[in-house]
Amino acid sequence: MTLGWTYVPEGSGQFRLYRKLGWDPALWFEEVGGVDIWTFDPGDGAPTKQLKLKP
């Protein structure tokens, strides 16, 4: 865990990062096939939402 981000190793050298945004909600980052994917998990049973972040 670094600066609030938790590193989660996945198979075949991939990884996920996540950060809790409160009691239940979290923000996930993963790289899949060269594509960066950000996902918001509200943590209340509602579906997760993929985000498209612009620099």
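All of the points below concern the structure found in this document. Only a predicted model underlies this, so the values are computations on that prediction, with no experimental measurement involved. (Residues numbered from 1 in each chain as written. Predicted model: local features only at pLDDT ≥ 70, side-chain atom pairs only at ≥ 80, totals over all residues. Heavy atoms only, no water.)

**Some remarks on the pairing of strand β1 (residues 6–9)**
Two strands pair when backbone bridges link them, and β1 and strand β2 (residues 15–20) are joined in this way by four bridges, in the antiparallel orientation. What sits directly across from Pro 9, in β2, is Phe 15. Remark: five residues form the turn of the hairpin made by β1 and β2, two consecutive strands paired antiparallel; Ser 12 in that turn has positive phi of roughly 55 degrees. (Pairing = 2+ DSSP bridges. Helix = DSSP H or I, 4+ residues; strand = E, 2+ residues; numbered from the N terminus.)

**Describing the packing of aromatic side chains**
Taken as a whole and judged by the stated rule, the model has five aromatic pairs. When the centroid spacing of 6.1 Å and the interplanar angle of 70 degrees are considered together, the rings of Trp 5 and Trp 38 count as edge-to-face. Pair noted here: Trp 5 is in the segment before β1 and Trp 38 is in strand β4 (residues 35–41), with a separation of 33 residues, a long-range link. Where Phe 15 meets Phe 29, the ring centres are 6.5 Å apart and the plane angle is 45 degrees; that geometry is what we call tilted. Remark: Phe 29 occurs in strand β3 (residues 26–32) and Phe 15 occurs in strand β2; sequence separation between them is 14 residues. You can call Phe 15 partly exposed: its relative accessible area is 28%. Overall, the relative accessible area of 13% leaves Phe 29 in the buried class. The structure contains a cluster of three or more aromatic residues connected by ring pairs, namely Trp 5, Tyr 7, Phe 15, Phe 29 and Trp 38. (Phe/Tyr/Trp six-rings, centres within 6.5 Å; stacked < 30°, edge-to-face > 60°. Buried < 20%, exposed > 50% of the residue type's maximum accessible area, 1.4 Å probe, protein only.)

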